[in-house]
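Residues per chain, in single letters:
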Amino acid sequence: MTLLDIKPYPCLRSSQDIKRWYEENYHLLSLGGLWLKGGEPNTMDAALFTQATLRFLVCRLSTYRDVSVSISHSLIAQIAQEVKGIFVDFAFLPPPKDMEIMNASKIPLWLGTTTKEPACAFDVLGISNSFVLELLNLPGLLHFSGIPIFKNDRMIRPDIPLIILGGANAAVTSVLHGPIKDQGFENNYGLVDAVIIGEGEHAIKQFLEIVKEGKSLGLSKTEILNSCHGKVDGFYEPDKYEHQYTMIGQNYSEQGLVEKPFPSSSLCEKETKIPLSNEKGLVGIVPREPYVSYPVKGAIVYNLDQIKTMESCPLWYDPESLGTGSLQISNGCPCFCAFCAESWERKPYRERSLPKLLEGLRSAKAHQGLDTVNLLSFNFNTHEELYPMILSFYEETANISLKSQRFDLLSTDRFLVEVLQIIGKTTVSCGMEGISERLRRYLHKNLTEEQVYKACEFLFERGIRELKIFLISTGLEQEEDFSEFGRFVKRLADLKSMCSSNVRIIFSLTPLYYSPHTPLEFHTCITVLEDTKKIRKKVEHICKLHGMEFRESASHEESWLTQLLAMGDRRLTPALVRSSIMDGFTYYNNIPNQIIKTWRTYLTELGLSEGHYFRAKGKDHIFPWDDIDLGISKKFLWEEYERSIHFTERDYCLGRPQVEAQCLGCSACPTGAQIKKITGHKASQPFLLEELHRISENKRNRIIVRLIAGIEPSMRLVSKRFIGIAVARALMLAIPDIVPYYHSLSGHLRDFDGDKATTDFTYGINVYDLAFLSKERIGELLNHESLSQKLADIQQHCRGFRIKEFALNPGDILDVKYILYRVHWNTDFTRSFIEQKMGEYLHAHYVKHTLLKKKDRTIFKVDAKNKKSAVVLHTEINTTNPLEKLDAEFSVFMIVAKRFDIQTFLETFYGFERRRELIRTKIEALGYYGKYPDLQKSIRCISCGDYIQETFLAGQPFIERHCLMCSIKSEYISQYQQKLR
Ligand code: SF4
Ligand code: SF4
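Residues numbered from 1 in each chain as written. Chains lettered and ligands numbered in written order. Predicted model: local features only at pLDDT ≥ 70, side-chain atom pairs only at ≥ 80, totals over all residues. Heavy atoms only, no water.

### Things to note about the sheet that holds strand S6 (residues 235–236)
Sheets are built from strands paired through backbone hydrogen bonds, the pairs being either parallel or antiparallel.
Part 1: One open sheet holds the 6 strands; their spatial order is S2-S1-S3-S4-S5-S6, and the pairing between them is mixed. Each having just a single partner strand, strand S2 (86–91) and S6 make up the two edges of the open sheet.
Part 2: Sheet topology note: the strand S4 (residues 162–166)/strand S5 (residues 194–196) ladder contains 2 bridges and is parallel. Across the sheet, residue Ile164 finds its bridge partner in S5, namely Ala194.
Part 3: Relative to the sheet, helix H3 (residues 72–80) contacts strand S1 (54–60), S2 and strand S3 (124–128), its axis offset from that of S1 by approximately 170°.
Part 4: Along the sheet, helix H7 (residues 200–216) makes contact with S1, S2, S3, S4, S5 and S6, crossing S1 at roughly 140°. (Pairing = 2+ DSSP bridges. Helix = DSSP H or I, 4+ residues; strand = E, 2+ residues; numbered from the N terminus. Contact = heavy atoms within 4.5 Å. Axes fitted to C-alpha atoms, helices over the stretch in contact; angles between N-to-C directions.)

Structure representation (structure tokens):
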């Protein structure tokens with residue numbers, strides 16, 4: 001197959017067919033198909049799809065699990081939902097084995113998880129691209145979703161959605177916009193239709209409004225895109241710019257087209273190793289239409305207070321992200337680290353004000369059931385209102401998570417370390433980057449060894465538990481650098497022992513990535529041209545010699561391909577398509593060595609070379625991204641590059657105590673006022689520590705609200721903790737006044753074998769304890785009467801579960817000893833088969849019992865003496881009440897002990913061959929029971945005469961004066977359940 005033969009894959013186009021397929025096959029998918037289930041809280045109701053005026057599918061190039069902690073796709077959805085009449089759904093890269101299953105059944109790889117509508121049923125696909133390697137997956141995802149891969153084919157098809165790309169990596173996507181005409185691929189071009197460069201908060205809305213209007217006026221897709229120019233911030237339509245390639249090298253030296261890559265005094269002698277040969281290079285970029293901007297200016301939101309931070313993020317079915325939300329406190333970074341894309345692409349530095357942050361926090365807390373808030377920023381310790389923010393956030397959330405901070409700022413702020421200790425932050429991450437001061441100057445890190453040492457001293461004194469230090473290998477390391485690093489690590493080890501600290505110190509080393517739009521874009525990509533193994537070994541040796549841990553955070557293969565795709569131009573598009581569609585490579589966090597070999601072959605076949613992309617570039621070099629302007633001029637970048645290679649740096653522009661900050665003239669600030677704001681930046685005075693101690697103390701006083709929830713069968717694969725967080729969310733959304741007082745989900749009944757979806761797939765009753773700070777108002781907000789009045793409102797926010805009962809201050813979480821389950825088989829199992837297998841299971845688990853058959857009931861009566869140690873206390877098979885419309889004609893009631901393992905139990909019935917079907921079994925938890933504390937005082941059951949050894953805790957109660965075994969009569973259980981409905 002050649003590039004020209006690629007026809008859209010014939011996928012299913014009916015959501016009904018896809019839904020049916022999902023119902024029949026979810027158990028074969030990863031995580032029991034949860035990633036494709038949809039319907040998470042804060043996602044839109046599928047019923048709104050048909051009536052929507054615009055349908056927008058937010059697409060990820062990575063898997064659900066990999067992006068569940070990322071906020072970018074959720075933020076896009078939040079922004080999009082402000083457009084009236086829009087419907088928003090999400091699509092993800094399927095996990096490896098699921099992709100095969102889906103392809104085999106012709107299921108589009110990108111489909112709305114909630115609606116099960118194929119990508120083609122939407123008006124717009126909005127691809128959120130976070131990092132370079134994700135691009136490897138784009139052609140395959142389009143193709144196997146039934147979408148033509150090139151723009152020219154898509155534009156003439158009104159039934160195909162517009163495809164727009166945005167995200168952190170949007171300005172580094174030149175490899176998507178080819179192939180170029182003289183590559184011989186006829187008129188094909190453009191894997192995406194347009195790109196939104198920069199910050200999308202305004203731009204996404206502007207774009208969707210124009211598409212909505214265009215659609216209502218019956219405009220063609222081309223007309224709609226044309227009308228976006230000048231109206232959508234950061235709107236870049238790549239095919240509106242012609243990239244011109246011609247021969248460069250010796251033949252062109254007279255015409256001045258030979259590149260002079262570096263000044264004569266450059267340190268980078270290695271650059272001379274890649275001579276210019278006769279090869280084609282990019283020599284010009286010309287706009288094709290008079291109405292397009294050239295260059296396109298990246299969108300930027302100067303006033304963060306005008307836009308919302310992430311508030312109504314969907315609660316993803318992933319245990320890692322549950323209860324934790326991110327709040328963006330600032331954007332951009334005031335520093336000028338030469339290697340850091342964020343530094344150069346997101347300037348200037350801006351902060352969100354404290355009142356807006358508090359507003360955002362409360363909304364996010366309610367919408368996401370948060371107990372932990374992560375302060376999202378490049379360096380949290382640059383925020384002007386850091387201290388008041390910590391104080392107010394700590395008062396209103398159980399935990400604050402603070403990620404990255406600068407060593408130099410920490411070294412002048414002992415107080416911050418004390419604060420971190422009080423709020424329970426015991427792990428700290430900081431970037432040191434270069435292993436010596438010389439290399440840190442090269443990287444413009446503005447960081448001396450003394451500053452790192454001082455910051456560590458504060459941290460060790462305060463008993464920090466883990467310190468992660470990031471390093472970058474530059475390929476320029478020399479003996480003196482290693483010696484300096486060795487001396488430093490030894491000093492750190494001595495400091496640790498002087499402070500009697502047990503801190504775990506981890507050095508994490510990454511090879512330098514020469515990012516577009518940064519000063520190092522001009523630099524030879526040394527770290528991919530040479531394997532940095534030797535450097536790694538030396539650094540590792542030094543760390544381990546002094547008892548520190550060492551990690552490497554990216555493989556050589558990953559660095560190589562990232563660098564190639566970042567530096568690459570439109571001529572690499574055919575290689576990208578070949579890799580993804582013809583050769584079927586999908587990126588799942590690993591680049592095998594073979595892939596590098598394959599890419600070298602692609603380059604040769606395209607008449608290109610890695611040397612062309614990796615060599616040093618001159619001052620006037622035309623980069624494929626020169627039609628994009630991110631606010632910092634190329635001249636400024638070049639000057640900074642020259643400073644780098646001479647190992648000199650300038651101080652960054654943020655005002656700090658004892659630093660007279662200067663504007664470096666990077667031109668990112670639009671006004672003098674903005675410049676003044678940054679250079680005159682003043683951190684607010686720290687508060688009194690007593691204040692923080694008082695809050696910390698007060699947090700110990702909590703009241704507990706216990707809610708008994710009934711979970712629907714459709715939610716049985718979701719973790720039990722998930723429902724707890726959703727319960728907290730429902731409560732806070734229904735009673736907004738309680739939001740500041742909500743502390744955390746303090747307890748719930750876990751299932752017996754962990755809390756993973758695959759081992760915990762019961763539904764029915766569960767118990768959730770929510771902790772609130774015991775303050776004056778909380779008594780009036782959360783008393784029995786007001787909760788009862790609000791119950792209907794609370795239920796409105798419950799999807800997939802209902803609140804059945806609640807209690808205030810009920811005491812410790814229940815000490816469950818026994819559970820009553822009802823098991824519904826929805827397979828082809830017959831009643832006699834179940835009876836036979838049940839017997840086998842009981843025998844295998846040494847449960848002595850007697851088999852009794854009574855009319856419709858088959859009872860496995862466990863011997864009284866055996867009950868104490870038995871894993872199953874009672875089992876009976878009943879004919880199902882036909883009114884209950886269950887899947888089988890019979891169901892099994894079981895009273896099991898705490899150590900009963902569902903997985904092992906079901907394996908007896910399904911066998912090894914059909915083990916993946918286990919999770920199709922519907923197991924309903926009906927009630928929870930404890931043990932009678934004192935047998936002597938227990939009374940006898942009036943039905944069977946045995947002692948009543950169990951106590952009722954939650955769910956299905958006993959029949960009066962009956963033991964648990966005699967209480968599980970199906971009519972009695974049905975009556976109770978009717979009452980609760
Ligand atoms: S401090 Fe340096 S590395 Fe960190 S975000 Fe700022 S510019 Fe980037
Ligand atoms: S314009 Fe000046 S103050 Fe503003 S970010 Fe650039 S260097 Fe800093």
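### Re the domain arrangement of the protein
Part 1: You can read the domains of the protein as domain 1 (3–242), domain 2 (304–554 + 634–679), domain 3 (701–808) and domain 4 (818–980).
Part 2: Computed from C-alpha atoms alone, the centre-to-centre distance between domain 3 and domain 4 is 27 Å.
Part 3: Listed per partner, the contact involves 19 residues of domain 3 and 25 residues of domain 4.
Part 4: For the pair domain 3 and domain 4, the summed buried surface comes to about 1800 Å²; carbon and sulfur atoms form 65% of the total.
Part 5: Counting every contact that joins domain 3 to domain 4 gives 0 salt bridges.
Part 6: Viewed at the interface, domain 4 and domain 3 are joined by 7 residue pairs in polar contact (both at pLDDT 80 or more).
Part 7: Mapped by element, the contributors of at least two residues to the side of domain 3 that touches domain 4 are strand S23 (762–773) and strand S24 (801–808).
Part 8: When residues in the side of domain 3 that touches domain 4 are grouped by element, the largest group, 6 residues, is from S23.
Part 9: Residues of the side of domain 3 that touches domain 4, tallied by class, amount to 9 nonpolar, 5 polar and 5 charged. (Domains from an automatic or database assignment. Buried area = accessible area lost by both parts, 1.4 Å probe. Salt bridge = Lys/Arg side-chain N within 4 Å of Asp/Glu carboxyl O. Polar contact = N/O pair within 3.5 Å; in protein donor to acceptor, adjacent residues only side chain to side chain. Nonpolar A, V, L, I, M, F, W, Y, C, P; charged D, E, K, R; others polar.)

### Here we look at helix H30 (residues 902–910)
Part 1: Along H30, the residues classified as buried are Ile902, Phe905, Leu906, Phe909 and Tyr910. In a view along the axis of H30, the buried residues occupy a sector of 130°, so they form one face of it.
Part 2: Following H30 by one or two positions, Gly911 adopts a phi angle in the positive range, close to 75°. (Buried < 20%, exposed > 50% of the residue type's maximum accessible area, 1.4 Å probe, protein only. Arc of directions from axis to C-beta.)

### A word on the site of ligand 2
Part 1: Residues in close proximity to ligand 2 include Phe336, Cys653, Cys663, Leu664, Gly665, Cys666, Ser667, Ala668, Cys669 and Ile675, which together make up its full environment.
Part 2: Taken together, the residues of the shell around ligand 2 break down into 8 nonpolar, 2 polar and no charged. (Near = heavy atom within 4 Å.)

### Focus on unusual backbone geometry
Part 1: Following Gly178, the chain continues to Pro179 via a peptide bond in cis, the omega torsion being 0°.
Part 2: Within the element layout of this structure, Pro179 appears in the loop between S4 and S5.
Part 3: In this structure, Pro348 follows Lys347 across a cis peptide bond, with omega equal to 0°.
Part 4: With respect to the helices and strands, Pro348 occurs in the loop between helix H9 (341–345) and strand S12 (350–351).
Part 5: Here Leu31, not a glycine, exhibits a phi torsion of approximately 55°, which is positive.
Part 6: Inspection of the secondary structure puts Leu31 in the loop between helix H1 (15–25) and S1.

### What to know about the UniProt feature "domain: Radical SAM core" (unreviewed entry) in the protein
Part 1: As recorded in UniProt, the sites labelled "domain: Radical SAM core" (unreviewed entry) are residues 319–549.
Part 2: For residues 319–549, helix accounts for 43% and strand for 19%, while the C-alpha atoms at its two ends are 28 Å apart. (UniProt positions renumbered as here; feature names shortened; annotations may be inferred.)

### Some points on the sheet that holds strand S10 (residues 324–328)
Part 1: An order of S10-S13-S14 is seen for the 3 strands of this open sheet, with the pairing classed as parallel. Since the sheet does not close on itself, it has two edges, and those belong to S10 and strand S14 (399–402), each with one partner. Along the sheet, successive strands turn relative to each other by an average axial angle of 30°, direction set aside.
Part 2: Against the sheet, helix H10 (residues 354–368) touches S10 and strand S13 (372–376), its axis set at about 155° to S10.

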